[in-house]
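Observations on chain architecture
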Number of protein chains: 4
Amino acid sequence: METNQKHTWKSKLHEIIYEADTPEGKLFDVVLLIAILASIVLVMLESIKSFDEKYHLFLNISEWVITILFTIEYILRIITVKKPIRYILSFYGIIDLLSTIPKYLSLIFVGTHALVALRALRLLRIFRILKLVRYLGASNQLANAIKASRAKIAVFLFAVLIASVIFGTIMYLVEGEEHGFTNIPKSVYWCIVTLTTVGFGDIAPQTPLGQFIAALIMILGYGIIAVPTGIVSAEYTKATGSNSKAKISNEEQEQLKSVRLNTQCCANCMAQKHQDGAEFCHKCGCPLHHE
Amino acid sequence: METNQKHTWKSKLHEIIYEADTPEGKLFDVVLLIAILASIVLVMLESIKSFDEKYHLFLNISEWVITILFTIEYILRIITVKKPIRYILSFYGIIDLLSTIPKYLSLIFVGTHALVALRALRLLRIFRILKLVRYLGASNQLANAIKASRAKIAVFLFAVLIASVIFGTIMYLVEGEEHGFTNIPKSVYWCIVTLTTVGFGDIAPQTPLGQFIAALIMILGYGIIAVPTGIVSAEYTKATGSNSKAKISNEEQEQLKSVRLNTQCCANCMAQKHQDGAEFCHKCGCPLHHE
Amino acid sequence: METNQKHTWKSKLHEIIYEADTPEGKLFDVVLLIAILASIVLVMLESIKSFDEKYHLFLNISEWVITILFTIEYILRIITVKKPIRYILSFYGIIDLLSTIPKYLSLIFVGTHALVALRALRLLRIFRILKLVRYLGASNQLANAIKASRAKIAVFLFAVLIASVIFGTIMYLVEGEEHGFTNIPKSVYWCIVTLTTVGFGDIAPQTPLGQFIAALIMILGYGIIAVPTGIVSAEYTKATGSNSKAKISNEEQEQLKSVRLNTQCCANCMAQKHQDGAEFCHKCGCPLHHE
Amino acid sequence: METNQKHTWKSKLHEIIYEADTPEGKLFDVVLLIAILASIVLVMLESIKSFDEKYHLFLNISEWVITILFTIEYILRIITVKKPIRYILSFYGIIDLLSTIPKYLSLIFVGTHALVALRALRLLRIFRILKLVRYLGASNQLANAIKASRAKIAVFLFAVLIASVIFGTIMYLVEGEEHGFTNIPKSVYWCIVTLTTVGFGDIAPQTPLGQFIAALIMILGYGIIAVPTGIVSAEYTKATGSNSKAKISNEEQEQLKSVRLNTQCCANCMAQKHQDGAEFCHKCGCPLHHE
C-alpha cells in the first residue's frame, strides 16, 4: 500500500515535471521558463562591468537562488524517472546538469571566465519546455522542409567554402599584407564575409585589381544567395502541398494528430507523443498514469 | 425639418471626410495626404540644425498651420460621427489625437525633444487615406501571404534569437573586451548584426578563433536567410493560386469584390466595406446617405 | 528613276542601321556596341587622375573619334527615317543626341564636370542593340514576372519607406547628434542602410537602447527581405507555367513567335516586331524593303 | 603471358586510382583527399608569418613529402591510362600537373610569391574525388536548376552591371574625390558593393544628395535581390517536380540510375558512368576489367 502511494506521489510529480497537460504541469513549465530567462538575463547583466560593480551582491544571490532551484529540479527529475541513468545520459539530462553546476564550479575554480559559456547553455533548455511548439503544425512543416533540403544546402555551402579558399588565396596574393590581407586564413575569412554579403569593412581591398576581383566575388555571392533560398522555397512548397487537395488532407491529418497526441512522457522509458486516450506507453508497454 | 437639414449637412461632411467615392471626398483625402507629408518634411527639416537656424520662423509658422488644420479635421471627425467616443478610442482616433497635440504640448513642455517622435506618428495616418490600396488586389494577397506565414516566421526568428544569444556569449568569451565585445548584450547585438548579414563593422572579431566562429555564424546566417523567404514564397504561391484555373476564378472573385465594394463608412458604427448599391449599413442597419 | 534609286539607297542604309537580320546590319550593331563600350571605358579612364595626366592627348583624340562616329550615325539615322521628327523626339533619339553632344558642349562650357554624366548615358544605347535579347525567351519571361510583381513590390517598398521614417525618427531621438545621427534625414538614411542589410557602418548606434532598436530593425529587415523574393518567385513560377503541360505549350508559342518575328524596323513609323514574311508594316501599311 | 600479367597489374592499378568501387580504390581516394586537404592547410599555415618563422623546416619538409606523393600519383595516372596524352591534356590532367609542380618551380624561381596561387588550385582536385557526390541525387537536381537558370541570371547580372556603371558615374559627380569616390571605376565598385548589400563602409556617401541616391540604390538592390532568387526557386521547383506523382517517378528513376552506375573509368578512353554489370566500355567498346 505504501509503495503504491509512493508510486502515485512519484507519478504525480512526474506528470507535473515532464508533462504539460495538467494545470500544475503548465504552471511548472511557465515557472521554469521564467527561471531560465531570468538566469540568462543575469548572465548578461553580470557581463556589463558597470552594472556588476554596482549590484554584485544582488547578482550573486540571484544566481545562487536560480542554481538551487535548478538543483532541486534536477534531483526531482532523477527521482521521478524510473530509469535515472537513461535520463542523466540523455541530451536534456546533460544540458540540465551543465546548466546547474557552473555556480558550484565557481566555488572551486575561482574567477574562471569560461563558466559563463556553460550558463548560456541554459537557453537550450527552453526547447524542452517549448515542446508545445510541435502542436503549432508550423514548425513541423518548417522542420521537414529544412530537413529535406539539408543535404542539398550542405553541398551548396561546401561549394561556397571551396570558392572562398580559392578567392581568398587570390586576394592574399593581389592585396598583400599592407592592405590587411595578412595571411591566407584571414583572406578566406574576408572572402566569406564578402560572399555572404555581410561586409564588415574592417578589411577592404585597396588596389584596383583587388577591388575588381572583390566586385566579381560580390556579384557571385549575390547570384548564389538565390540557391539555398530556392531549395528551401521549393521543398517548403512541396511540404505544404502544391495542390489544394493534398493540402486539405494534409491539414486534416495534422489536425487529427494534434487531437490525438498529448505532452505525456512515459516515466519508464521517457518516450513521448502518446495518444490522448492511451493507457500504456506505445514504446515499452508501461502504464501511463492519469490523475 | 431643421434637424433633418442638420443631419444632411453632417452626413455630407461625413461622406467627405470618411469616404473617397465622391470628388469632394477624394479632394479631401489628397489635401490631407499633402498636409501629412508636408508635416513629415517639416519635422525632418527642423532636425537639420543649419536649416532650423536659418528658417526657424518659417518652420514654426508652417507647423502651427498644419497643427490647426489637423485640429479642425479632428474636431470635424468627432462631430460627424454618431458615436464620437467609439472614434476617439479607435486606433485611428488615437493616432489622430497624437499627431495633433505635439505642438500644443510644446507650449507647456518647452524644449521637450521627445515630442518629435509623436509628430513622426503622423505617418501612420497615411494608411487610412490609402484605404484605396485594398482595391489594388495586390496588397490583399500579399497581406494574406504574410498573415499565413506570420506564425512560422515568428518561430524562425525565435530560433535566430536563441542562436544569437548562444553565439554572442561564445564570442564575448573568445574576443573579450579589448576587441569591442565589452559585454554579452553587445556581443548578442553584434551577432544579430552578423546573422542578418547587415555587418556594420564597428565591432569586428580580431582573433583567429573569433574570426573562425564569425565565419561559421555568417555561413549559418547565409543558409538560414533562405527559410523566411521560402516560407513567404510558398505561402504567396498558394495565395495566388498554384493552378491557372483557381487563379482565374480567384481574379474573378477579386474583381467582383472590387466592383461591389466602395469606400463608404457608416456614420453610426464606422463599419466599412459596403457594397456599391447598399442602402443600409451591413453591421448596424443604419441608413447610408448617398447624395 | 533617280528617286527610286535614292529610295533604294536610303532603305538599304535603313536596313543596316535599324535592323539586324542582314550580315551588314549585324556588323553595324557589333561596331556600334564596341564604340559604345570603348566610349564608356574612355570616360572611366579619364576620371582616373594619374591616367588622365599621362595619356590626356590620347584620351582626347579617342573621345573626338568616337564623338564624330556617333555624330555620323546620328545624322544617318535622321536621314534614313521617313519621319525624322518622330525619331528625334523618341526615347532613343534623345539618348542618341545626349550621347553625341557632350564633347561639343565641352568646347563651349570649358571644364564643366557634369558632362561626364551625359556621356555615361551612352550605356543606355546598349539596350537598343541588344534587341536580340528578346529572342532568348529568358528575359521575356523575366520581364513579365517583374512586370506582374511591380505593383506589389511598390506597395511593399512603400511600407519599407514608412518604417524607415518612423524608426529613423526614433533612432534620432535615442542616439542623438553625438553618435552620428545628426538629423532625421540622416537617421532615415541609416535606417534604410540597415533595413536593406547593406550596413556601411559609417554611422552605428552606440547606446545600449539604440543597439537594441537597431537589432529589432535588422531582424525586421531580415524577415521582410523574404517578401519581394516570395512575390517574384511566385510570379515567375506562374509565368514559366506551374504544370509541365502548360510549360511545353508556352515554349512552343515562344518558339513560334521567335520564328516569325525579325528585327526589321519600318522606315516610315519605326514600328518593330514584324513577321518574317511580312511585306508591309503592320502599324502604318508602308512597304518593308527586303533586299 | 608476361604481357597479360603486366596488363593485369596495370588494370589493377587503374582500378585503384581511377575508380572507387573496390576497398583499395576507396582507400586511395581517402588518402588522396587527406593529402590534398593537408597541402591546403600547409599553404595556409605558411602564409601566417609568425607560424612560418617558427616551423619553416617542418612546413618545407611536409610540402616536399606531399609534392613527391603527388608526383608519384601523377606518373601512375599517366602509366595506367592507355592514352596518356589524352589524360595529360584533359582538365584534371592539367590541374594535376599544376598542383604538382609549384614546389619544383620554387627551386628555379626562388621567392616567387605567385606559386602559392598554383598550390591553391589543388582544391579543384577535390571535385574528382567527390565523384560520389553525383550519387546523392541532390547536387544533380541542384546543378540542373542552376544550369536552367544560368542564362536568365546572366541577363539579370548584366542589367545590374549597367545600373552600377550609371549610378557609379552619378555618385562620382555628386560625391567627388574628397569623399572617397576618387574615380569612376572606384565609384562603380562602391555601387556594386552597395547594390549587392555587402556594404563595406570603407567608402560611404557624405553629402545629403549622395546619401539620398545611395538610399535609392539600396532599395533598388533590395528589390532586385528577389529576381535571381525567384528564378532559381522556380526552376528548382520545376526540376524537383511540381506534382507528387512526377516526383516519386523521378526518385525512382534516380534510384534506378544509382543502382546501375558505378565509378568505373575506362582505361582506354576514360569514359565514366558505366553500368554495374557492364563488361565493355559504352563509349569505345574496350573491355572493362573486374577483378
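Residues numbered from 1 in each chain as written. Chains lettered and ligands numbered in written order. Predicted model: local features only at pLDDT ≥ 70, side-chain atom pairs only at ≥ 80, totals over all residues. Heavy atoms only, no water.

All right, on to the overall build of chain A then. When helices and strands are tallied, chain A shows 14 helices and zero strands. Helices and strands in chain A line up, N terminus first, as α-α-α-α-α-α-α-α-α-α-α-α-α-α. Relative to its full complement of 291 residues, chain A shows a buried share of 48%. Considering only contacts within chain A whose residues lie at least 6 apart along the sequence, 58% involve residues at least 24 apart. By element, 68% of the accessible surface of chain A is carried by carbon and sulfur atoms, the whole surface being about 13800 Å². (Helix = DSSP H or I, 4+ residues; strand = E, 2+ residues; numbered from the N terminus. Buried < 20%, exposed > 50% of the residue type's maximum accessible area, 1.4 Å probe, protein only. Contact = heavy atoms within 4.5 Å. Areas by Shrake-Rupley, 256 points an atom, 1.4 Å probe, with all protein chains shown as cover.)

A few words on the relation of the copies chain B and chain A. Least-squares fitting of chain B to chain A yields an RMSD of 0.1 Å, with the transformation described by 0.0 Å of translation along the axis and a rotation of 90 degrees. Such values leave the two copies arranged in the relation of a four-fold axis. (Least-squares fit on C-alpha atoms with pLDDT ≥ 70 in both.)

Turning our attention to the relation of the copies chain A and chain C. Rotating chain A by 180 degrees and moving it 0.1 Å along the rotation axis overlays it on chain C with an RMSD of 0.1 Å. The transformation just described matches what one would write down for a two-fold rotation axis. Taken as a fraction of all interface residues of chain A, those also at the interface in chain C reach 100%, which identifies the copy contact as same-surface.

Right, let's get into the packing of helix H11 (residues 184-195) of chain A against helix H12 (residues 208-224) of chain B. Two elements in contact, H11(A) and H12(B), have axes whose closest approach is 9 Å; the angle formed by their N-to-C orientations is 25 degrees. Taken together, the axes of H11(A) and H12(B) lie roughly parallel to each other. Crossing handedness for the pair H11(A) and H12(B): left-handed. Together, Lys186(A), Tyr189(A), Ile192(A), Val193(A) and Leu195(A) of H11(A) and Gln211(B), Ala214(B), Ala215(B), Met218(B), Ile219(B) and Tyr222(B) of H12(B) make up the contact between the two elements. Taken together, the residues of the contact of H11(A) with H12(B) break down into nine nonpolar, one polar and one charged. (Axes fitted to C-alpha atoms, helices over the stretch in contact; angles between N-to-C directions. Parallel < 35°, antiparallel > 145°, perpendicular 65-115°, else oblique. Left-handed = near helix turned anticlockwise from the far one by under 90°. Nonpolar A, V, L, I, M, F, W, Y, C, P; charged D, E, K, R; others polar.)

What follows is about the packing of aromatic side chains. Per the stated rule, a full pass over the model turns up 24 aromatic pairs over all chains. Ring centres of Phe181(A) and Trp190(A) lie 5.1 Å apart, and the angle between their planes is 70 degrees; on these two criteria the pair is classed as edge-to-face. Since its relative accessible area comes to 2%, Trp190(A) is described here as buried. Ring plane angle 45 degrees and centroid distance 6.0 Å describe the contact between Tyr74(D) and Tyr87(D), whose orientation is recorded as tilted. A residue pair is termed long-range when its members are at least 10 positions apart, and Tyr74(D) in helix H3 (residues 49-80) and Tyr87(D) in helix H4 (residues 84-89) qualify at 13 residues. Per residue, the accessibility class of Tyr74(D) equals that of Tyr87(D), and both read buried. In textbook terms, an aromatic cluster arises when at least three aromatic residues are bridged by ring pairs, as seen for Phe181(A), Trp190(A) and Phe200(D). (Phe/Tyr/Trp six-rings, centres within 6.5 Å; stacked < 30°, edge-to-face > 60°.)

All right, on to the interface of chain A and chain C then. How big an interface is tends to be stated in terms of accessible area lost as the parts join. Tallying the contact residues gives six residues for chain A and six residues for chain C. In total, about 180 Å² of surface goes out of reach between chain A and chain C, with carbon and sulfur atoms giving 21% of it. Among the residues making up the side of chain A that touches chain C, the classes are represented as two nonpolar, four polar and no charged. (Buried area = accessible area lost by both parts, 1.4 Å probe.)

Residues and elements named next belong to chain A. Looking at chain A as a whole, its pLDDT mean stands at 76, while 71% of the residues score no less than 70. Predicted confidence in chain A is weakest over helix H14 (residues 244-260), with a mean pLDDT of 42, and strongest over H11, with 92. Confidence over residues 132-136 falls short of pLDDT 50; this stretch has 11 contacts with residues more than four positions distant or in other chains. Under a pLDDT of 50 for its full length, residues 242-260 has, in the predicted model, 18 contacts with residues more than four places off or in other chains. In the predicted assembly, ipTM is 0.76 and pTM is 0.79. (pLDDT = per-residue confidence, 0-100.)

Moving on, we get to empty space enclosed by the protein. Counted according to the given criterion, the structure contains nine cavities of 30 Å³ or more. Looking at the largest cavity, its volume works out to about 110 Å³. Thr197(A), Ile225(A), Thr229(A), Thr197(B), Ile225(B), Thr229(B), Thr197(C), Ile225(C), Thr229(C), Thr197(D), Ile225(D) and Thr229(D) together form the lining of the largest cavity. Residue composition of the lining of the largest cavity, by class: four nonpolar, eight polar and no charged. (1 Å grid on protein atoms, 1.4 Å probe; cavity = no way out; pocket = protein on both sides within 12 Å on 5 of 7 lines; lining within 4 Å. Points joined across faces, edges and corners; volume = space filled by probe spheres on them.)

Under the 1.5 Å per step criterion, the end-to-end length of helix H12 (residues 208-224) of chain C is 24 Å for 17 residues, consistent within 8% with the ideal 24 Å. Within H12(C), burial applies to Gly210(C), Gln211(C), Ile213(C), Ala214(C), Ala215(C), Ile217(C), Met218(C), Ile219(C), Gly221(C), Tyr222(C) and Gly223(C). (Expected span 1.5 Å × (residues − 1).)

Residue and element names in this part refer to chain C. Of note, serine 99 is situated in helix H6 (residues 91-100). Under the relative-accessibility criterion, serine 99 is labelled buried at 0%. Polar contacts involving the side chain of serine 99 include one to the main-chain carbonyl oxygen of aspartate 96, which spans 3.1 Å. Setting aside residues up to four positions removed in sequence, serine 99 forms contacts with Phe70, Arg122 and Arg125. (Polar contact = N/O pair within 3.5 Å; in protein donor to acceptor, adjacent residues only side chain to side chain.)

For soluble globular proteins, nonpolar side chains are generally found buried alongside one another. Ranked by size, the top nonpolar core spans 228 residues in total, and within it Trp190(A), Trp190(B), Trp190(C) and Trp190(D) carry the most contacts. In this structure Trp190(A) touches Met171(A), Phe181(A), Ile203(A), Ala204(A), Pro205(A), Ala214(A), Ile217(A) and Phe200(D), once residues within four positions along its chain are discounted. Listed in part, the six residues of the second largest apolar core include Ile17(C), Tyr74(C), Val81(C) and Tyr87(C). (Core = buried A, V, L, I, M, F, W, Y, C linked by side-chain atoms within 4.5 Å.)

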